[in-house]
Amino acid sequence: MNKIINIHADDYGIDSEISDNIISSINYGLTNSISIVCNTKAFTEDIKKLRKLDKNIRKSIHLNLVEGFPLSEKSEVYMIVDEDGEFKYSFTGLWLKYLLSPRKKRIELIEQIKLEIENQIKIFLKYSKNTKKLNIDSHMHLHMIPFVFNIIISLSKIYKIQFVRIPYEINYYNYKTFPRLFNINIIKHLLLNSLSKVNIHKLKKHKIKHNEYFIGVLATGSMSIDDVKFALEKINKRNNPKSIDILFHPGGIKSENSVDWTNNLSFKNYYASKNRYNELNLLFSNRLKDIVNHYEIIFNHR
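A brief structural summary. Predicted, not measured: the structure shown is a model, and the values here were computed from it.

Procedures and definitions
Residues numbered from 1 in each chain as written. Predicted model: local features only at pLDDT ≥ 70, side-chain atom pairs only at ≥ 80, totals over all residues. Heavy atoms only, no water. Helix = DSSP H or I, 4+ residues; strand = E, 2+ residues; numbered from the N terminus. Buried < 20%, exposed > 50% of the residue type's maximum accessible area, 1.4 Å probe, protein only. Axes fitted to C-alpha atoms, helices over the stretch in contact; angles between N-to-C directions. Parallel < 35°, antiparallel > 145°, perpendicular 65-115°, else oblique. Left-handed = near helix turned anticlockwise from the far one by under 90°. Contact = heavy atoms within 4.5 Å. Nonpolar A, V, L, I, M, F, W, Y, C, P; charged D, E, K, R; others polar. Salt bridge = Lys/Arg side-chain N within 4 Å of Asp/Glu carboxyl O.

Of note, Asp 11 is a non-glycine position whose phi angle comes to about 80°, a positive value. Its place among the elements puts Asp 11 in strand S1 (residues 5-12). The exposure class of Asp 11 is buried, given its relative accessible area of 4%. In this model, His 141 sits at a positive phi of 60°, which is unusual for a non-glycine residue. Along the chain, His 141 turns up in the loop between strand S4 (134-138) and helix H5 (146-155). The class for His 141 is buried, based on a relative accessible area of 7%.

Right under this line is the structure:
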């Protein structure tokens, strides 16, 4: 069968504990696709661990402009870092920075972000030893911001970018999931869906591949079997899907006190959340495996 459903884990390389948990989900669970963060102390050692895997998995660079420290010199990207040299903008903050800046500052901001993206791509290619193709997504879906997406498009021929993740997610909430999903993620869902429609046209124009469907925005940070089940049911009612990415964050750390790559408290709490281990355990679930296999067979035999 063709592989239509990709079970994807974000944040590999941020920390060795997180990376080891993701490797466990590859070896003994359903994970067949990962995104790798490159601007961390753990990156060079963690990427070496992937060479020992027996399984063939899809690997993407997880562009990071929101957490930790850049690979570029502080003086080279001063517009996007704080006094300590750490990234200072969120998705919304960076977009507003661009929109509210005069033309000269916009150009400067674009050049600084382009430099950092290139530096992350270069180190990823160096250590992954993969110069034939490049898959791209990003931390907090930041690559979907129109001007950042345009930077990626401009770099696509230089670095042979063949695939960019698109977080287009159909509405799958119902009476059972709505109370849990009625939160800020709905706004993210609507915004990213809108941006996806625009950015897909750019990818098609430049003949860059992308996933057709995505599951993991509405339930960001707390994915469940029901989310996967109901989303796949909705996708099944549409045209024959060619590719579906289901996103998990199965890393996890024992304590926020062990986080030494960022001073951002919200990130520290996120990685130490019990939800990280809940999602990790979900990837070992036979029930989830049965659901994924069920729809994989259906999609392949249409």
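The structure having been displayed, the exposition proceeds.
Below, the discussion takes up the packing of H5 against helix H7 (residues 184-205). Here H5 crosses H7 at 20°, and the two axes come no closer than 11 Å. Judged on the interaxial angle alone, H7 and H5 are roughly parallel. As for how H5 packs across H7, the hand of that crossing is right-handed. Taken together, the residues of H7 that come into contact with H5 (itself represented by Pro 146, Phe 149, Asn 150 and Ile 153) are Leu 195, Asn 199, Lys 202 and Leu 203. Among the residues forming the contact of H5 with H7, the class breakdown is five nonpolar, two polar and one charged.

Another aspect to go through is the pattern of salt bridges. Applying the stated criterion across every chain yields a total of eleven salt bridges. A salt bridge links Lys 254 to Glu 17, with the nearest nitrogen and oxygen atoms 3.4 Å apart. Of this pair, Lys 254 sits in the loop between strand S7 (244-248) and helix H9 (265-272) while Glu 17 sits in helix H1 (residues 16-27); the two residues are 237 residues apart in sequence, bridging distant segments of the chain. Given a relative accessible area of 21%, Glu 17 falls into the partly exposed group. A salt bridge links Lys 49 to Asp 46; its shortest N-O distance comes to 3.2 Å. Pair noted here: Lys 49 and Asp 46 are both in helix H2 (residues 43-49), with a separation of three residues, about one helical turn.

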